[in-house]
Amino acid sequence: MNIALILAYDGTNYHGWQIQKNGISIQEALTAAVFRLLGQEVSISGVGRTDAGVHARRYVANFRADCTIPVERLPLALNAQLPEDIAVSGAVEVPEGFDARFDCTKKEYAYYLYPSRLRDPFLSGRAYRYPYPLEIERMQAAARYFVGKQDFAAVRSVGTPVRSTVRTIFHCEVEPCEENLIRIRVCGDGFLYNMVRAIAGTLTYAGCGKLRPEDMRAILDSCDRENAGPTLPACGLFLNRLWYEHTPELTKFSLDR
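Per-chain numbering applies: the sequence of each chain, read as written, is numbered from 1 onward. Residues qualify for local features only when their pLDDT is at least 70, as the model is predicted, and side-chain atom pairs are given and counted only at 80 or more; totals for whole chains, interfaces and linings, by contrast, use all residues. Excluding hydrogens and water, the side-chain values take into account all heavy atoms of the structure.

K.L.:
Would you mind going over the overall build of the chain with me for this structure?
P.N.:
In terms of regular secondary structure, the chain is built from 5 helices and 10 strands. We compute the radius of gyration from the C-alpha atoms alone; for a globule the expected value is 2.2 Å times N to the 0.38, where N is the number of residues. For 257 residues, the compact-globule formula gives about 18 Å, and the C-alpha radius of gyration of the chain, at 19 Å, lands near that figure. For the chain, the spread of C-alpha atoms along the principal axes amounts to about 60 × 40 × 35 Å. Partly exposed describes any residue whose relative accessible area lies between the buried limit of under 20% and the exposed limit of over 50%, with all areas from a 1.4 Å probe on protein chains only and scaled to the type maximum. Every one of the 257 residues in the chain was classed for burial, and the buried ones make up 53%. For the accessible areas, the method is Shrake-Rupley and the probe is 1.4 Å, while residue cover comes only from the protein chains on display. When the accessible surface of the chain is split by element, carbon and sulfur atoms take 48% of a total near 12,600 Å². Positive charge is attributed to Lys and Arg, negative charge to Asp and Glu, and no charge count is given to His or to the chain ends. Charge positions are represented by NZ for Lys, CZ for Arg, CG for Asp and CD for Glu. One finds the centroid of the 30 positive side-chain charges in the chain at a distance of 4 Å from the centroid of its 30 negative side-chain charges. Helical segments are the DSSP runs of H or I of at least four residues, strand segments are the runs of E of at least two, and each set is numbered from the N terminus.

K.L.:
Looking at this structure, how should I read the side chain of His171?
P.N.:
Its place among the elements puts His171 in strand β8 (residues 166-177). Any pair of nitrogen or oxygen atoms within 3.5 Å is treated as a polar contact; in protein, a donor-acceptor pairing is required on top of that, and neighbouring residues in sequence qualify only through side-chain atoms on both sides. A polar contact is formed between the side chain of His171 and the side chain of Glu108, at a distance of 2.7 Å.

K.L.:
Looking at this structure, how should I read the packing of aromatic side chains?
P.N.:
The criterion for an aromatic pair is that two Phe, Tyr or Trp rings (for Trp, the six-membered ring) have centres within 6.5 Å, with stacked assigned to planes under 30 degrees apart, edge-to-face to planes over 60 apart and tilted to the rest. Following the criterion strictly, the structure yields 7 aromatic pairs and no others. Considering the side-chain rings of Tyr9 and Tyr59, the 5.6 Å spacing of their centres and the 55 degrees angle between planes classify their relative orientation as tilted. Remark: Tyr59 occurs in strand β3 (residues 55-64) and Tyr9 occurs in strand β1 (residues 2-9); sequence separation between them is 50 residues. Its relative accessible area of 5% is what places Tyr9 among the buried residues. An aromatic cluster of three or more residues is present, and its members are Tyr9, Trp17 and Tyr59.

K.L.:
I keep staring at the nonpolar core and nothing clicks. Help me out?
P.N.:
Side chains that are nonpolar tend, in soluble globular proteins, to be buried together. Buried Ala, Val, Leu, Ile, Met, Phe, Trp, Tyr and Cys residues that are joined via side-chain atoms within 4.5 Å together make up what is termed a nonpolar core. Core analysis: the largest hydrophobic core is formed by 77 residues, its most contacted members being Leu7, Leu203 and Tyr244. Ranked by the residues each element gives to this core, the list is headed by helix α4 (residues 195-208), at 7 residues. In what follows, residue pairs with any heavy atoms lying within 4.5 Å of each other are defined as contacts. Those residues in contact with Leu203, other than ones at most four positions away along the chain, are Met139, Ala142, Ala143, Phe146, Cys172, Val174 and Ile184. Ala110, Tyr112, Tyr114 and Cys177 belong to the second largest nonpolar core, which has 8 residues in total.

K.L.:
Just checking my understanding: could you explain unusual backbone geometry for this structure?
P.N.:
Backbone geometry follows two general trends: most residues other than glycine have a negative phi, and most peptide bonds adopt the trans configuration. Phi angles above zero are rare outside glycine, and Cys223 is one such case at about 55 degrees. Along the polypeptide, Cys223 turns up in the loop between α5 (215-222) and β10 (237-243). By relative accessible area, Cys223 is classed as partly exposed at 35%. With a phi close to 55 degrees, Ser254 is a non-glycine residue in the positive phi region. By secondary structure assignment, the location of Ser254 is in the segment after β10.

K.L.:
When you look at α4 in this model, what are you seeing that I'm missing?
P.N.:
Three or four residues apart is the spacing at which side chains of an α-helix point the same way, because the helix has 3.6 residues per turn. A helix is expected to reach a length of 1.5 Å times the quantity of its residues less one. Between the first and last C-alpha of α4 there are 20 Å, a value that for 14 residues agrees with the 20 Å anticipated at 1.5 Å per step. Across the 14 residues of α4, 12 count as buried, placing the element largely inside the fold. Turning to α4, its buried residues number three or more, namely Met195, Val196, Arg197, Ala198, Ile199, Ala200, Gly201, Thr202, Leu203, Thr204, Ala206 and Gly207. Phi turns positive one or two residues past the end of α4, at Gly209, with a value near 95 degrees.

K.L.:
Teacher, can you tell me more about the environment of Pro95 here?
P.N.:
You can see Pro95 is positioned in the loop between β4 (86-94) and β5 (106-115). Sequence separation between Pro95 and Asn194 is 99 residues; the distance between their C-alpha atoms is 32 Å. Look past the residues within four positions of Pro95 in its chain and what remains in contact with it is Asn2 and Glu249.

K.L.:
Got a minute to help me understand the pattern of salt bridges in this structure?
P.N.:
Side-chain pairs of opposite charge can arise whenever the charged atoms involved come near each other. Basic side-chain nitrogens of Lys or Arg form a salt bridge, by our definition, when they fall within 4 Å of a carboxyl oxygen of Asp or Glu. Counted according to the given criterion, the structure contains 11 salt bridges. We note a salt bridge from Arg126 to Asp10, for which the minimum N-O separation is 2.7 Å. Highlighted residues: Arg126 in the loop between β5 and β6 (128-130) and Asp10 in the loop between β1 and α1 (26-38), separated in sequence by 116 residues. A salt bridge links Glu214 to Arg212, with the nearest nitrogen and oxygen atoms 3.7 Å apart. Assessed through its relative accessible area of 42%, Glu214 is described here as partly exposed.

K.L.:
It is not clear to me how the pairing of strand β9 (residues 181-188) should be interpreted in this structure. Could you clarify?
P.N.:
Within a regular strand, the side chains alternate between the two sheet faces. Buried residues dominate β9, accounting for 7 of its 8 residues. Sheet topology note: the β5/β9 ladder contains 7 bridges and is antiparallel. Considered in β9, the bridge of Leu113 is made with Ile182. For two strands to pair, DSSP has to find at least two bridges joining them. Relative to β9, β8 runs antiparallel, the two sharing 8 bridges. Bridge pairing in β9 links Val174 to Ile184. As consecutive antiparallel partners, β8 and β9 are separated by 3 residues, and within that stretch Glu179 has a phi angle of approximately 60 degrees, a positive value.

So this is what it looks like as structure tokens:
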């Protein structure tokens, strides 16, 4: 049977989702937990390759196995085998052809930062501290330039080769939230390597006055990474929402809220 898992994790102690030679990953920890529970070697496919230190509020992975445990009991059973910073909240049988990565139609990432000269130990590892004041209105005005189908080469790092740097961004929003945090939410049909963290860095520069909101158009048109803002640290980035529009089995898990 093909089983989809809904999970969340704190990525602080991991080298990202994908299995790595130089450190423990979320995929490795989850694969080991399934083996301890079912006694089967499985190949787990995830919705995306989050980098080292990146978190996920919602994440979908799937694997195929001969499972005698009722699927609705898998979350509790797997959580007993997983470390405290990874938690499975749901499990469901999906069609044989389902793949967590390729069946996802949209993703939303959220980046959290807080403008402060003083550290907050309760935000360490979950938000980026920027030591200068930020004007949210300027950041909001700049964010509008990132919406639409366009070339995002100016806000990506060199990583895995891609055929095209054109992506569609459905919304890019900046908003204040609890604990004096600023949240940047970016939703798209796909993302380039470090794209959201580079967008967040560029919007931060707009918020502190190093860039004007209207500069965003020229930056994107240039396709030159040197013209945009910095790539902010991984600690503030969360995979936040997911859309599986053609998989009704997953709709009850509120992945898009």
